[in-house]
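# Analysis of the macromolecular model
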Amino acid sequence: MPKRWEEMLTDIWTSFLFIWITLFPYISMAPINQSKSLQTGSIMGLRGTGEGQKILSRAKRGWVWNQMFVLEEFSGPDSILVGRLHTDLDSGSRNIKYILSGEGAGTIFVINELTGDIHAMKRLDREEKAEYTLTAQVINRDTDEALEPPSEFIIKVQDINDNAPEFNNGPYHATVPEMSLVGTSVTKVTATDADDPVYGNSARLVYSIVEGQPYFSIDANTGVIRTALSDMDREAREQYHVVIQAKDMGGHMGGLSGTTTVTITLSDVNDNPPKFSQSLYHFSIPENLAVGNAGGRVKANDRDIGENAKSSYSIIEGDGIDVFEITADPQTQDGILRLKKPLDFEDKKSYTLKVEAANIRIDPQFSNGVPFKDTATVKIAVEDSDEPPVFSKPTYFLSIHENATINSVIGNVSATDPDATKSHVRYLIDRHTDLERQFNINVDDGKITLAKPLDRETDTWHNITVTATEIRNNSQISQAIVAIKVLDVNDNAPEFASEYEAFLCENGKPGQVIQTVSAIDKDDPKDGHFFTYSLVPEMSNNPNFTIKNNEDNSVSVLAKHNAFRRQKQEMYFLPIIVSDNGNPPMSSTNTLTIRVCGCSSDGIVQSCNVEAYVLPIGLSMGALIAILACIILLLVIVVLFVTLRRHKNEPLIIKDDEDVRENIIRYDDEGGGEEDTEAFDIATLQNPDGINGFLPRKDIKPDLQFMPRQGQHSAPNGVDVDEFINVRLHEADNDPTAPPYDSIQIYGYEGRGSVAGSLSSLETASSDSDQNFDYLREWGPRFKRLGELYSVGESDRET
């Protein structure tokens, strides 16, 4: 057996014997004293102060024994004696019985019924359960009578150092800034011990460092880890693994221990300035490098990381400050040299720059007044490139009149080769910008000529693109925009601004303005339009109309008299000549249509029709209305005839092979009139016109003759309804031309005597001569003309 375990067992046995010797007198005497007090109380409760009189009272106990102790983790071949219960009533007789109940009674703890000895039958663990509450009682073995009242007591499990310390939150990770001062707190570790913290030193822990010295130290009581060395540099070593031990028993020999690992990382601080990897950089940049593109990269290294390693770049000296700029790449922290202006090899062939890199974030604790920056020199050589031709202007503005002849020279463009070779240039028109091919260009000198006629009114501007290429290198191409303006010439005659139609009142006054006429011209003269209006020569002395210049490029058409009548002439056509002020002037003849209309007294147009062309035939208005009425009557007769023919062609009888039972035959008859609403008046169903005779069906022609029935003369209110229905049913059953059985009969007699009367004018006995239309004159000015028409008709009839 190892020496360490032997020392541990020796300490355990020494502690056990010490506890047993110390507590044995109390353990052995406690039950006896308690039993005495209990016994005394019991006896005093049974004795009285006189005969026939009992006093139930108990004597006050001197003290109460309430707990026993047993050592945990004790094991052996025999059970452990925890203690003994004894009462003064126990005189050695066999009629005394001790009973134990409560936590663990009978399983963990067993009592001797005769002697009262309590034994622990199992190995106990204080960390599992620290104490047990039990109840002891003394009874008569023969009668089970309680000799003592039950008494509760506690058995406590005494702790031994059987649990090692544990770090429940390990392993630990912590960070501390590099270059921290000695004693800077890093983190705190905590271990726990399951042993009893209030008994002995089993749970008293002491912390120490097993690995990690001399860089860190730990407080033995609190477990706080601190730095033990100064100037710990992250760039030299970034991470440390520290092993921490916690030992119980106050760190003395025989104590148990546990360990954990703490990973400590040094966080970065800005304690290193940026440093260029080389002091001189050389770059070659082609002269055709586009503005904004990168021409080279420089690098300033920084041993720090993160924000502490970020640097900004700038150009502090050199002859290319206006031509170049330098910016930091956010990903790689390189300095990117970019072009601000175009390069020209023929103008300048090299540049020298001095660039600087400086930390963005500076920690004053480590700068010590020294700037965290570095400089380097950059030399740039410009390489000659084959550049495309350069136009003398980026945009050319040319003009030409729209009546210019074909092959007229519009203008010319010019481009030169900027290279030292001065290659010859050829010119072309980009036909995507001249789809109509209206222009040509001389490939050698850049002259632009007209290829097709122009029309300013169709297109005022033409924008074409001209390209220039080097003869020796067709890939070098440049472009220029040529805007060609088409100048106006007077090649369009003026015309009316719209299709005018004037209205002239019959009762108008002489000199009244009938219409104001204006003109438009597609041309666009520099000084604006000026139009001249005149009547055609053959109508210069027009007896009906004249024109008046309004001095605003418009004229007013005036009536010369008030004798205009629609019966004579409804429309007049007035041709007007419109001329412009161009060189040479252009003119056109436009016709104004003037319609004669009936107007109110206020000059408001009410009606304009073609009566003037109809009246001269010799027909009056009444005759026209009569002709129109006849035409309408004929149309109505034709429509009725067609409707009856269509109704007759529809079959009324269902086919024999179909099941005709329970079918409903529907006739498109209107049904009874207002007289059908009289309840139970069956006389309304009878046709007075056919009551004395047989009325054949009008929809089909019967194959068999059916004898007519005798007419029934029934009073309107004295009809036998039952008899009427039976007669109709018998007639329907025996009529071969009637619909089949089990069908509904619908009588289509409309009835007579409607309160509303007939709306048709076909049966009226009145004529046009019986009607008086004088009331139309009272309906206002809108119906004045209608009244005059009907009045004319009446006057004609009277005549």
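Use the structure listed above.
First, a word on what this report is: a plain description of the structure on this page. If you're wondering where the values come from, they're calculated on a predicted model, not measured in any experiment.

## Observations regarding the packing of aromatic side chains
The geometry of an aromatic ring pair comes down to the distance between the two centres and the angle between the two planes. Taken as a whole, this structure holds 13 aromatic pairs when the rule is applied. Here the aromatic rings of Tyr-215 and Tyr-240 are separated by 4.9 Å at their centres, their planes lie at 50°, and the arrangement is tilted. On the criterion of sequence distance, the pair formed by Tyr-215 in the loop between β10 (206-211) and β11 (216-218) and Tyr-240 in strand β13 (residues 239-247) is long-range, its members being 25 residues apart. Tyr-240 sits in the buried class, given a relative accessible area of 6%. Clustering of aromatic rings is evident, with ring pairs tying together Phe-276, Tyr-281, Phe-283 and Tyr-313. Here Lys-129 stacks its cationic end above the ring of Tyr-132, 5.4 Å away from the centre of that ring. Positioned above the aromatic ring of Tyr-351, the side-chain terminus of Lys-348 is 5.2 Å from the ring centre.

## Remarks on the sheet that holds strand β19 (residues 324-328)
With antiparallel pairing, 4 strands are arranged side by side in an open sheet as β15-β17-β20-β19. Pairing within the sheet leaves two strands with one partner each, and these edge strands are β15 (275-276) and β19. One ladder, built from 5 bridges, connects β19 with strand β20 (residues 334-339); its direction is antiparallel. Bridging across to β20, Phe-324 finds its partner in Leu-339.

## A word on the environment of Gly-254
With respect to the helices and strands, the residue Gly-254 is situated in the loop between β13 and β14 (257-267). For Gly-254, a relative accessible area of 23% corresponds to the partly exposed category. Separated by 93 residues in sequence, Gly-254 and Asn-161 have C-alpha atoms that sit 9.2 Å apart.

## What about the state of the cysteines?
Per the stated rule, a full pass over the model turns up 2 disulfides. Cys-505 shares a disulfide with Cys-599; S-S distance 2.0 Å. Across the disulfide from Cys-505 to Cys-599, rotation about the S-S bond amounts to roughly -85°, and the bridge is consequently left-handed. Here the residue Cys-505 occupies a position in strand β33 (residues 501-505), and Cys-599 occupies one in strand β39 (residues 587-599), the gap between them amounting to 94 residues. Across this residue pair, the class does not change: Cys-505 and Cys-599 are buried. Disulfide partner of Cys-597: Cys-608, at an S-S distance of 1.6 Å. Between Cys-597 and Cys-608 the sulfur-sulfur dihedral comes to about 120°; the bridge is accordingly right-handed. Taken together, the residues Cys-597 in strand β39 and Cys-608 in the loop between β40 (605-607) and α3 (611-614) connect sequence positions 11 residues apart. Using a relative accessible area of 31% as the deciding quantity, one classes Cys-608 as partly exposed. Each disulfide of the protein chain joins two cysteines, and with those cysteines numbered along the sequence the arrangement is 1-3, 2-4.

## A short note on the sheet that holds strand β32 (residues 495-496)
The strand order β32-β34-β37-β36 describes an open sheet built from 4 strands, whose pairing is antiparallel. Each end of this open sheet is capped by a strand with a single partner; those strands are β32 and β36 (545-549). Relative to strand β37 (residues 554-559), strand β34 (residues 513-520) runs antiparallel, the two sharing 5 bridges. Bridged to Ser-518 within β37 is Ser-554.

## Some remarks on the pattern of salt bridges
For the coordinates displayed, the defined rule picks out 18 salt bridges. Of the charged contacts in the structure, one is a salt bridge between Lys-348 and Asp-319, with a shortest N-O distance of 3.4 Å. Highlighted residues: Lys-348 in the loop between β20 and β21 (350-359) and Asp-319 in the loop between β18 (311-318) and β19, separated in sequence by 29 residues. Close ionic contact of Glu-356 with Lys-373 constitutes a salt bridge, the shortest N to O distance being 4.0 Å. Taken together, the residues span a long stretch of sequence, with Glu-356 in strand β21 and Lys-373 in strand β22 (residues 373-383) at a distance of 17 residues. Given a relative accessible area of 39%, Lys-373 falls into the partly exposed group. In the salt-bridge network here, residues are joined through shared partners; they are Arg-297, Lys-299, Asp-329 and Asp-334.

## Some thoughts on a negative patch on the surface
Judged by side-chain charge, Asp-344, Glu-346, Asp-347 and Asp-384 come together as a negatively charged surface patch. Its location among the elements puts Asp-344 in the loop between β20 and β21. A residue is classified by how much of its surface remains accessible, and Asp-344, at 33% relative accessible area, is partly exposed.

## A few points about a nonpolar patch on the surface
Where nonpolar side chains cluster on the molecular surface, the patch consists of Leu-628, Ile-632, Val-636 and Leu-640 and spans about 350 Å² of accessible area. Of note, Leu-628 is situated in helix α4 (residues 621-649).

## A few points about unusual backbone geometry
Here the amide bond leading from Gly-170 into Pro-171 is cis, since omega sits at -5°, within 30 degrees of zero. The backbone of Asp-231 sits at a positive phi, close to 60°, despite the residue not being glycine. Relative to the helices and strands, Asp-231 is located in the loop between β12 (224-227) and β13. Phi is positive for Arg-437, close to 55°, though the residue is something other than glycine. Within the secondary structure, Arg-437 sits in the loop between β27 (425-429) and β28 (439-441).

## Things to note about the environment of Val-176
By secondary structure assignment, the location of Val-176 is in strand β8 (residues 172-177). Judged by relative accessible area, which is 1%, Val-176 ranks as buried. Sequence spacing of Val-176 and Val-186 is 10 residues, and the spatial spacing of their C-alpha atoms is 5.9 Å. Not counting the four nearest positions on each side in its chain, Val-176 is found in contact with Thr-184, Val-186, Thr-227, Ile-264, Thr-265, Leu-266 and Ser-267.

Reading the values: rules and limits
- Residues numbered from 1 in each chain as written.
- Predicted model: local features only at pLDDT ≥ 70, side-chain atom pairs only at ≥ 80, totals over all residues.
- Heavy atoms only, no water.
- Phe/Tyr/Trp six-rings, centres within 6.5 Å; stacked < 30°, edge-to-face > 60°.
- Helix = DSSP H or I, 4+ residues; strand = E, 2+ residues; numbered from the N terminus.
- Buried < 20%, exposed > 50% of the residue type's maximum accessible area, 1.4 Å probe, protein only.
- Lys NZ or Arg CZ within 6 Å of the ring centre and 35° of its normal.
- Pairing = 2+ DSSP bridges.
- Disulfide = S-S within 2.5 Å.
- Salt bridge = Lys/Arg side-chain N within 4 Å of Asp/Glu carboxyl O.
- Patch = residues over 30% accessible without salt bridge, like charges linked within 9 Å, V, L, I, M, F, W, Y side chains within 5 Å.
- Areas by Shrake-Rupley, 256 points an atom, 1.4 Å probe, with all protein chains shown as cover.
- Lys, Arg positive; Asp, Glu negative; His and termini not counted.
- Charge placed at Lys NZ, Arg CZ, Asp CG, Glu CD.
- Contact = heavy atoms within 4.5 Å.

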